[in-house]
Amino acid sequence: MNQASISPSKFSSRFKSFFRGNLGGWIVILAMVLLPFITSLISGQSISNLLANESGMAKFVQGLAIEIFILALYALSYDLILGVTGLLSFGHAMFFAVGAYLTGILLKSFGWSLWATLGMVLVAAIIQAILFAVVLPRVQGVTFALVTLGIASVFYIVIQSHEMSAYAGADVGLQGVVAPEFINAADHRMRFYFVTLGLLIGMYLLYKRFVNSPTGRVCIAIRENEKRALMLGYNTFYFKLIALTLASITAALAGCLHALFQPIVSPHTASMGFTIAALLMTLIGGVGTLSGALVGAAIYRLLEYGLKNIFGEQATFLLGVVYVLIVLFLPYGIIGTWKLRALQIRSGWQRLIGLVTGKPKQA
Amino acid sequence: METLLEVRDVHTFIGQYHILQGVSLKVRKGGITALLGRNGAGKTTTLKTILGLTPPRQGEVIFADQPIHEMRSFDIAALGIGFVPEQRAIFRDLSVEENLKIAERKRGDLRRKQEMIFSLFPDLQRLIHLPGTHLSGGQQQMLAIARALVADNRLLLIDEPSEGLAPVIIEQLILAIRQLSAETTILLVEQNFIVAGQLAEDYVIIEEGQSVKTGKMAALVKDEQIIHRYLGAA
């Protein structure tokens with residue numbers, strides 16, 4: 001019996017079930033599209049005000065959301081190599097920082113156009129993925145983590161060096177990057193918002209497609225047991241290289257957006273701490289779930305913002321406590337635990353409905 | 001008698017340990033050859049050496065007249081050697097269908113073979129969309145073998161297929177492996193002598209990393225002295 005072919009009559013039902021199966025995703029996308037308008041309504045700002053890019057609550061919320069989208073792109077890329085392929089990298093911040101610094105330097109010091117800059121960022125992303133992959137056949141597991149940490153540390157030192165200070169701004173960071181007018185976030189906040197949102201959605205769908213493709217399946221197989229994948233005749237090196245390259249391009253793109261959006265590219269983006277941020281966001285959301293990376297990024301940034309607003313400097317400690325609690329009580333992350341429990345929750349609901357309506361239903 | 005696989009005086013080290021200290025064996029084309037020996041004798045290491053997972057430091061492995069002991073394991077697998085590892089090593093996060101699909105070496109392998117696979121293991125068709133974690137031990141073993149059948153393999157290495165399975169399941173397994181041997185050559189590692197005795201035509205006994213005895217299974221089954229001496233079973 002051939003299960004793979006779909007008859008045309010089944011297509012519409014497939015489409016419907018696809019729509020229904022991703023209902024949560026559609027709602028989130030719709031909410032994100034409406035977010036600027038809703039916040040302007042709530043804060044009593046008129047829509048024409050909003051469209052004219054007037055300062056206010058709506059503009060601020062968009063800015064916060066843009067930061068979350070950029071972090072989400074970054075966390076998504078980390079989930080691909082850690083959660084899907086099973087490579088523990090401690091140098092992931094470098095993927096992001098190369099995109100951010102390169103964009104800033106090429107725009108500011110060399111006066112390149114945005115498109116040429118993007119092309120260069122793409123090339124650099126591929127090169128750094130290869131640089132990370134070169135060591136792959138020799139080292140595995142924790143050793144790979146340490147080697148990547150080493151490579152990223154070198155980069156961290158170089159961008160802060162005296163010799164680079166004319167370009168990278170040493171330990172202060174790279175300032176005064178002027179984004180091209182048509183995408184300038186100060187003047188066209190909403191345009192930048194939708195560009196970032198669009199890129200995030202596009203990348204997320206691409207990642208979903210990748211994980212479900214034969215290549216993505218091999219990456220999952222490598223995560224589970226690389227020797228078994230080898231025994232099936234797969235040269236696992238190439239699959240790890242593909243995952244690293246895709247992750248590197250995504251993270252560099254996030255870095256590029258970061259440089260265009262933020263007034264300053266701080267060396268922090270290349271530090272170990274920023275890699276830990278990626279790890280945290282993926283852990284909070286659920287390793288290997290992809291959508292978890294997006295949820296994790298939102299929670300990470302909102303918690304940081306909210307706690308800092310209320311508690312000031314003590315927030316860092318509280319953040320740590322919250323993360324420990326999340327990891328303790330939701331070891332598979334929010335989305336991961338949700339997926340595990342979804343069946344139980346659904347049958348619980350049905351039992352509850354059965355109790356209320358007096359008709360017990362089978363789960 | 002045509003030889004498909006020949007292992008010539010192979011020495012393999014794992015770390016500093018000299019595990020295989022001279023294993024030689026021949027696998028005849030068609031039929032089943034059993035690799036016998038006590039726990040820790042080096043049976044699984046022999047399979048891993050053939051597959052290039054633990055390459056030999058000395059000696060040769062010849063598959064279809066081609067030396068393969070210096071090749072990388074994925075290249076060896078691509079020559080048409082399928083491996084069914086012990087403990088039913090399936091991919092637990094992938095569904096039954098994905099587990100089979102991932103073993104394709106050419107596009108459409110699974111579509112061509114699925115009729116044969118499902119006739120051997122009807123259970124798998126029913127469970128096709130279930131994730132690997134949800135399968136029982138027997139079903140996982142069936143899937144592990146089925147996975148090795150998807151691609152056109154000329155030789156199957158099967159490691160301890162009956163380990164930890166219920167007698168009823170073992171019966172099914174024996175039937176399936178026997179049917180398979182009509183189409184492909186099998187090198188079988190098996191602790192359970194009753195299973196091995198029913199299936200194999202030839203045998204090789206390994207003791208302390210050395211091949212010590214080869215011959216016809218029909219003769220071995222009658223020779224209680226050798227069985228007792230090398231296998232500790234009667």
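Residues numbered from 1 in each chain as written. Chains lettered and ligands numbered in written order. Predicted model: local features only at pLDDT ≥ 70, side-chain atom pairs only at ≥ 80, totals over all residues. Heavy atoms only, no water.

Trainee: Got a minute to help me understand the pairing of strand S10 (residues 210–216) of chain B in this structure?
Mentor: Sheet faces and side chains relate simply in a regular strand, where the side chains alternate between the two faces. Here strand S9 (residues 202–207) of chain B runs beside S10 of chain B; their pairing, made up of six bridges, is antiparallel. Residue pairing across strands places Glu 207 of chain B opposite Gln 210 of chain B, the latter belonging to S10 of chain B. (Pairing = 2+ DSSP bridges. Helix = DSSP H or I, 4+ residues; strand = E, 2+ residues; numbered from the N terminus.)

Trainee: Help me understand the confidence of the model for chain B, please; the structure alone is not making it clear to me.
Mentor: Detail in the predicted coordinates should be disregarded across regions flagged by low pLDDT. Residues and elements named next belong to chain B. When pLDDT is averaged along chain B, the result is 88, and 99% of the positions lie at 70 or above. Considering each helix and strand of chain B separately, the mean pLDDT is smallest for helix H10 (residues 224–231), with a value of 78, and largest for strand S8 (residues 185–189), with 93. Reported for the predicted complex are a pTM of 0.85 and an ipTM of 0.83. (pLDDT = per-residue confidence, 0-100.)

Trainee: Is there a simple way to explain the interface of chain B and chain A in this structure?
Mentor: How large an interface is tends to be reported as the accessible area lost when its parts come together. If you look at the interface, chain B gives 25 residues, while chain A gives 19 residues. Together chain B and chain A conceal approximately 2000 Å² of surface at their shared face, both sides included; 60% is due to carbon and sulfur atoms. On the chain B side of the interface with chain A, the three residues burying the most area are Phe 74, Phe 91 and Ile 102 of chain B, jointly 30% of the side's total. Arg 223 of chain A is the salt-bridge partner of Asp 93 of chain B, the closest N and O atoms lying 2.5 Å from each other. When contributions to the side of chain B that touches chain A are tallied by element, the ones reaching two or more residues are helix H2 (73–78), strand S6 (81–84) and helix H4 (109–120) of chain B. With three residues, the single largest contributor to the side of chain B that touches chain A is H2 of chain B. A class-by-class count of the residues in the side of chain B that touches chain A yields 13 nonpolar, four polar and eight charged. (Contact = heavy atoms within 4.5 Å. Buried area = accessible area lost by both parts, 1.4 Å probe. Salt bridge = Lys/Arg side-chain N within 4 Å of Asp/Glu carboxyl O. Nonpolar A, V, L, I, M, F, W, Y, C, P; charged D, E, K, R; others polar.)

Trainee: I tried to follow the domain arrangement of chain A on my own but got confused; where do I start?
Mentor: Residue and element names in this part refer to chain A. As far as domains go, chain A holds domain 1 (34–328) and domain 2 (332–363). A straight line from the C-alpha centre of domain 1 to that of domain 2 covers 35 Å. With 10 residues of domain 1 at the interface, the matching set in domain 2 holds six residues. For the pair domain 1 and domain 2, the summed buried surface comes to about 480 Å²; carbon and sulfur atoms form 66% of the total. Seen at the junction of domain 1 and domain 2, the total is zero salt bridges. (Domains from an automatic or database assignment.)

Trainee: Teacher, can you tell me more about the packing of helix H13 (residues 272–285) of chain A against helix H16 (residues 333–357) of chain A here?
Mentor: To describe two helices that pack against each other, one gives the angle between their axes and the distance between the axes. Residue and element names in this part refer to chain A. Where H13 contacts H16, the two axes come as close as 3 Å, and the packing angle between them is 20°. In terms of their interaxial angle, H13 and H16 are classed as roughly parallel. Contact residues: Leu 283, Ile 284 and Gly 285 in H13; Gly 333, Ile 334, Ile 335 and Gly 336 in H16. Classifying every residue of the contact of H13 with H16 by side-chain character gives four nonpolar, three polar and no charged. (Axes fitted to C-alpha atoms, helices over the stretch in contact; angles between N-to-C directions. Parallel < 35°, antiparallel > 145°, perpendicular 65-115°, else oblique.)

Trainee: Help me understand the nonpolar core, please; the structure alone is not making it clear to me.
Mentor: Nonpolar side chains tend to gather and get buried jointly when the protein is soluble and globular. Judged by nonpolar contacts, the single largest core of 145 residues is most densely connected at Tyr 74 and Leu 244 of chain A together with Leu 36, Leu 100, Phe 121, Leu 124 and Met 217 of chain B. Ignoring any residue separated from it by four or fewer positions in sequence, one finds Met 217 of chain B in contact with Ala 34, Leu 36, Phe 193, Ala 196, Gly 197, Ala 200, Glu 201, Asp 202 and Tyr 203 of chain B. In terms of nonpolar packing, the next biggest core, distinct from the first, is built from 27 residues, Val 27, Leu 47, Leu 51 and Phe 63 of chain B among them. (Core = buried A, V, L, I, M, F, W, Y, C linked by side-chain atoms within 4.5 Å. Buried < 20%, exposed > 50% of the residue type's maximum accessible area, 1.4 Å probe, protein only.)

Trainee: What's the story with the side chain of Lys 240 of chain A in this structure? I'm lost.
Mentor: Residue and element names in this part refer to chain A. Tracing the backbone through its elements, the reader meets Lys 240 in helix H12 (residues 236–261). For Lys 240, a relative accessible area of 4% translates into the label buried. Among all residues touching Lys 240, those that are not within four sequence positions of it are Thr 85, Leu 87, Leu 136, Gln 140, Ile 222 and Glu 226.

Trainee: Would you mind showing me how to read unusual backbone geometry here?
Mentor: The general pattern is negative phi for most residues beyond glycine and trans for most peptide bonds. Of note, Ala 170 of chain A is a non-glycine position whose phi angle comes to about 45°, a positive value. Examined against the element boundaries, Ala 170 of chain A turns out to sit in the loop between helix H8 (165–168) and strand S1 (174–175). The residue Asp 9 of chain B is not glycine, and still its phi comes out positive at about 45°. Tracing the chain through its elements places Asp 9 of chain B in strand S1 (residues 3–14).

Trainee: Please explain the pattern of salt bridges as it appears in this structure.
Mentor: Proximity of charged atoms lets side chains of opposite charge pair with each other. All names here are of chain B. Under the defined criterion, the tally for this structure stands at 17 salt bridges over all chains. The shortest N-O distance in the salt bridge between Asp 202 and Arg 28 comes to 3.2 Å. With Asp 202 in strand S9 and Arg 28 in strand S2 (residues 17–28), the pair connects residues that are 174 residues apart, well separated along the chain. The partner of Arg 72 in a salt bridge is Asp 75, and the shortest N-O contact between them spans 3.4 Å. The exposed category is assigned to Arg 72, whose relative accessible area is 51%.

Trainee: What is the right way to look at the sheet that holds S10 of chain B in this model?
Mentor: In a beta sheet, neighbouring strands are held together by backbone hydrogen bonds and run either parallel or antiparallel to one another. Residue and element names in this part refer to chain B. With respect to topology, six strands assemble into an open sheet ordered S6-S7-S8-S3-S9-S10, the strand pairing being mixed. Unpaired on one side and paired on the other, S6 and S10 mark the two borders of the sheet. Averaged over all adjacent pairs, the angle separating strand axes in this sheet is 15°, with direction ignored. Against the sheet, helix H1 (residues 43–51) engages strand S3 (32–36), S6, strand S7 (155–159), S8 and S9, with an angle of about 150° to S7. Contacts from helix H6 (residues 137–150) reach S6 and S7 within the one sheet, and its direction differs from that of S6 by about 175°.

Trainee: I'm lost on a nonpolar patch on the surface in this one. Help?
Mentor: Taken together, Trp 338, Ile 345, Trp 349, Leu 352, Ile 353, Leu 355 and Val 356 of chain A make up a surface patch of nonpolar side chains, about 790 Å² in accessible area. By secondary structure assignment, the location of Leu 352 of chain A is in helix H16. (Patch = residues over 30% accessible without salt bridge, like charges linked within 9 Å, V, L, I, M, F, W, Y side chains within 5 Å. Areas by Shrake-Rupley, 256 points an atom, 1.4 Å probe, with all protein chains shown as cover.)

Trainee: What am I meant to see in the environment of Leu 100 of chain B here?
Mentor: All names here are of chain B. Residue placement: Leu 100 occurs in helix H3 (residues 96–101). In sequence terms Leu 100 and Lys 29 are 71 residues apart; their C-alpha atoms lie 26 Å from each other. In contact with Leu 100, not counting residues within four places along its chain, are Leu 110, Phe 118, Ile 128, Leu 143, Ala 146, Arg 147 and Val 150.

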